[in-house]
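Summary of the model geometry
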Amino acid sequence: MAHWNDYPTRYVGDANPNRPRHVHDLANEKDSCALHAVEWANNAVPFATKQAATTAGYAPCLFCMPYDKGAS
Ligand SMILES: [Zn+2]
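All residue numbers refer to positions counted from 1 along the written sequence of the respective chain. It should be noted that, the model being predicted, local features are given only for residues of pLDDT at least 70 and side-chain atom pairs only at 80 or more, the latter also being counted only at that level, while totals for whole chains, interfaces and linings use all residues. No hydrogens and no water enter the side-chain calculation; it runs on all heavy atoms of the structure.

**Description of the pairing of strand 2 (residues 22–25)**
Think of it in three bands: residues with accessible area under 20% of the maximum for their type are buried, residues over 50% are exposed, and the middle band is partly exposed, with areas taken using a 1.4 Å probe on protein chains only. Where helices and strands are cited, they refer to DSSP runs of H or I of at least four residues and of E of at least two residues respectively, numbered from the N terminus. Neither face of strand 2 is exposed, since His-22 and His-24 on one face and Val-23 and Asp-25 on the opposite face are all buried. The pairing of strand 1 (residues 11–14) with strand 2 spans four bridges and is antiparallel. In the sheet register, Gly-13 faces strand 2, and the bridge partner there is Val-23. By the bridge criterion, two bridges tie strand 2 to strand 4 (residues 59–60) in an arrangement that is parallel. The residue bridging Val-23 from the neighbouring strand is Pro-60, located in strand 4. Only strands joined by at least two bridges in the DSSP assignment are considered to pair.

**Comments concerning the pattern of salt bridges**
Salt bridges are identified by distance alone: a Lys or Arg side-chain nitrogen within 4 Å of an Asp or Glu carboxyl oxygen. Counted according to the given criterion, the structure contains three salt bridges. The partner of Arg-10 in a salt bridge is Asp-25, and the shortest N-O contact between them spans 2.7 Å. Here the residue Arg-10 occupies a position in the segment before strand 1, and Asp-25 occupies one in strand 2, the gap between them amounting to 15 residues. Arg-10 sits in the partly exposed class, given a relative accessible area of 42%.

**Overview of the sheet that holds strand 2**
Taken in spatial order, the four strands make up an open sheet running 3-1-2-4, and their pairing is mixed. Both outer strands of the open sheet, strand 3 (44–47) and strand 4, are each paired with one neighbouring strand and no more.

**Observations regarding the coordination of the zinc ion**
Sites may look incomplete because water is not among the atoms; the donors themselves are N, O and S atoms within 2.8 Å of the metal, or within 3.2 Å for Na, K and Ca. Binding of the zinc ion to the protein goes through His-24 (ND1), Cys-33 (SG), Cys-61 (SG) and Cys-64 (SG), at separations of 2.1 to 2.4 Å. All donors of the zinc ion come from a single chain, and their spacing in sequence reads H-x8-C-x27-C-x2-C. Of this pair, Cys-33 sits in the loop between strand 2 and helix 1 (35–40) while Cys-61 sits in the segment after strand 4, and the two are 28 residues apart along the sequence. The pair formed by Cys-33 and Cys-61 is uniform in burial state, with each residue classed as buried.

What follows is the structure, encoded as structure tokens:
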């Protein structure tokens, strides 16, 4: 999928304060992740590891990380 930005990391979180915080796996990104919308709103936050995203309060995305604990 096309992105507006190149990310040095595999995981990107959605920092939109109006929605539950989710982190996405770029290696398994789905259309439903709608990451282009996250980027458009300037809410993309890169994370080096899944653990770093979890620690920051992000839940795994249901579309690209469906088998992760707490995915929503
Ligand atoms: Zn996703």
